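Residues per chain, in single letters:
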Amino acid sequence: MFRTDAPIAHYIEQLRHLDTEGSNIIGQMEPVMHYVDWIDKVEGFLRALYISDEPARRLLSRRYWGLAENTAPAYMYKHLTTEIEIQRRYLAHLSEELEELHKIGDRPGQLVVPDTNVLLHFQRIDHIDWQHVTRVRGAIRLVIPVLILDELDEKRYTGSQEVRKRARTALAPINERLADLETRGYAALEAETTLEFLLAGGAKQRGNADSDILDQAEFLKHIAGRDVTVVTGDHGMRARAVARGLTVGTMPQGLARNQDEAKDEVYKS
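Just so you know, these numbers come straight off a predicted model, no measurement behind them.

**Description of the packing of aromatic side chains**
Then, number 1: This model, assessed by the stated rule, comprises 6 aromatic pairs.
Then, number 2: Considering the side-chain rings of phenylalanine 2 and tyrosine 50, the 5.5 Å spacing of their centres and the 50° angle between planes classify their relative orientation as tilted. Pair noted here: phenylalanine 2 is in the segment before α1 (8–23) and tyrosine 50 is in the loop between α2 (31–49) and α3 (54–57), with a separation of 48 residues, a long-range link.
Then, number 3: A relative accessible area of 11% means that phenylalanine 2 is categorised as buried.
Then, number 4: Residue classification places tyrosine 50 among the buried positions, given a relative accessible area of 10%.

**As for the confidence of the model for the chain**
Then, number 1: Mean pLDDT for the chain: 88, with 91% of residues reaching 70 or above.
Then, number 2: Between the elements of the chain, mean pLDDT differs from a low of 69, seen in helix α5 (residues 74–78), to a high of 97, seen in strand β1 (residues 110–114).
Then, number 3: Segment residues 259–269: pLDDT under 50, and 31 contacts once partners within four positions in sequence are set aside and those in other chains are kept.

**Digging into the sheet that holds strand β5 (residues 228–232)**
Then, number 1: Taken in spatial order, the 6 strands of this open sheet run β3-β4-β2-β1-β5-β6, and their pairing is mixed. On the outer flanks of this sheet lie β3 (187–190) and β6 (247–250), each paired with one strand and no other. Across the sheet, the mean angle separating the axes of adjacent strands is 35° when strand polarity is ignored.
Then, number 2: By the bridge criterion, 4 bridges tie β1 to β5 in an arrangement that is parallel. Note on β5: the bridge partner recorded for valine 113 is valine 230.
Then, number 3: The strands touched by helix α12 (residues 209–224) are β1, β2 (140–145), β4 (193–198) and β5; relative to β5, the strand with the most contacts, the crossing angle is about 160°.
Then, number 4: On top of the sheet, helix α13 (residues 235–243) reaches β5 and β6; it is set at about 160° to β6, its chief contact.

**Brief notes about the pattern of salt bridges**
Oppositely charged side chains are able to pair whenever their charged atoms sit close together.
Then, number 1: Enumeration over the complete set of coordinates arrives at 21 salt bridges.
Then, number 2: Residue lysine 41 is joined to glutamate 21 by a salt bridge in which the shortest nitrogen-to-oxygen separation is 2.8 Å. Taken together, the residues lysine 41 in helix α2 and glutamate 21 in helix α1 connect sequence positions 20 residues apart.
Then, number 3: Since its relative accessible area comes to 44%, lysine 41 is described here as partly exposed.
Then, number 4: You can call glutamate 21 partly exposed: its relative accessible area is 23%.

**Digging into the nonpolar core**
Then, number 1: If you look at the biggest cluster of nonpolar residues, it comprises 76 residues, and the most contacted ones within it are Phe2, Tyr35, Leu46 and Trp130.
Then, number 2: A per-element tally of this core places α2 first, with 9 residues.
Then, number 3: With sequence-adjacent residues up to four places away left out, tryptophan 130 is seen in contact with Pro114, Val118, Ile125, Arg135, Ile140, Leu142, Leu189, Thr193, Val231 and Met251.

**With respect to helix α6 (residues 80–103)**
Then, number 1: Between the first and last C-alpha of α6 there are 35 Å, a value that for 24 residues agrees with the 34 Å anticipated at 1.5 Å per step.
Then, number 2: Considered for burial, the residues of α6 that qualify are Leu80, Glu83, Ile84, Gln87, Tyr90, Leu91, Leu94, Ser95, Leu98 and Leu101.

Here is what the cut-offs are and how they apply
Residues numbered from 1 in each chain as written. Predicted model: local features only at pLDDT ≥ 70, side-chain atom pairs only at ≥ 80, totals over all residues. Heavy atoms only, no water. Phe/Tyr/Trp six-rings, centres within 6.5 Å; stacked < 30°, edge-to-face > 60°. Helix = DSSP H or I, 4+ residues; strand = E, 2+ residues; numbered from the N terminus. Buried < 20%, exposed > 50% of the residue type's maximum accessible area, 1.4 Å probe, protein only. pLDDT = per-residue confidence, 0-100. Contact = heavy atoms within 4.5 Å. Pairing = 2+ DSSP bridges. Axes fitted to C-alpha atoms, helices over the stretch in contact; angles between N-to-C directions. Salt bridge = Lys/Arg side-chain N within 4 Å of Asp/Glu carboxyl O. Core = buried A, V, L, I, M, F, W, Y, C linked by side-chain atoms within 4.5 Å. Expected span 1.5 Å × (residues − 1).

As structure tokens, this is what we get:
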């Protein structure tokens, strides 16, 4: 997750600029001082970019502290080039991750995020006319955050027998398409609808399922640079999504799995 709403391309460009600075350290007067200053600059950038402090903390290795505090063994000064290359490879890794996120917005189609309520209490996702539900004409990309998969996996083994059955049924159309999901990154549900996962930023941040899913929807909107529709059958979730300025689609009660349960207007997962 990121702290700012700047385009992903901006972050990638910043990392490239920092990498160029790192490549120019050797050959300058007092290269160790330049290295320490460079790492401090990179650390500040990463702390401003990521909510988690883990990316920035990984820079501050034992080697870095030895050089920064002038307590490093003499041999470390001789191998400063290697140390810089290690840090540059780490920046390249972060840049590649951002590039992959940037690609999420490339493929056409309206981005749609169903919540856990939809998967548990309504028809299988491959039996739903998503164009009708979302009132969107054309291609639809159904994106399921990995935290929803984790929640469904947990429900397969906990709770009542009915909940376990619903979770298994919800996961069935996903399991049937794992080969395509793992090789192409997405799978067809029907002619104009595809299924894919959102793997990035999957860790729970708030401990509340609805808030976590909305965080993921906002994250997807940010990295894709376009609108995202959240689909739910839960009035509370709808209100929270609207409050965040997200587009919302409401599941028709006629698509509920069990019409006996459709007597209740709100379905809770």
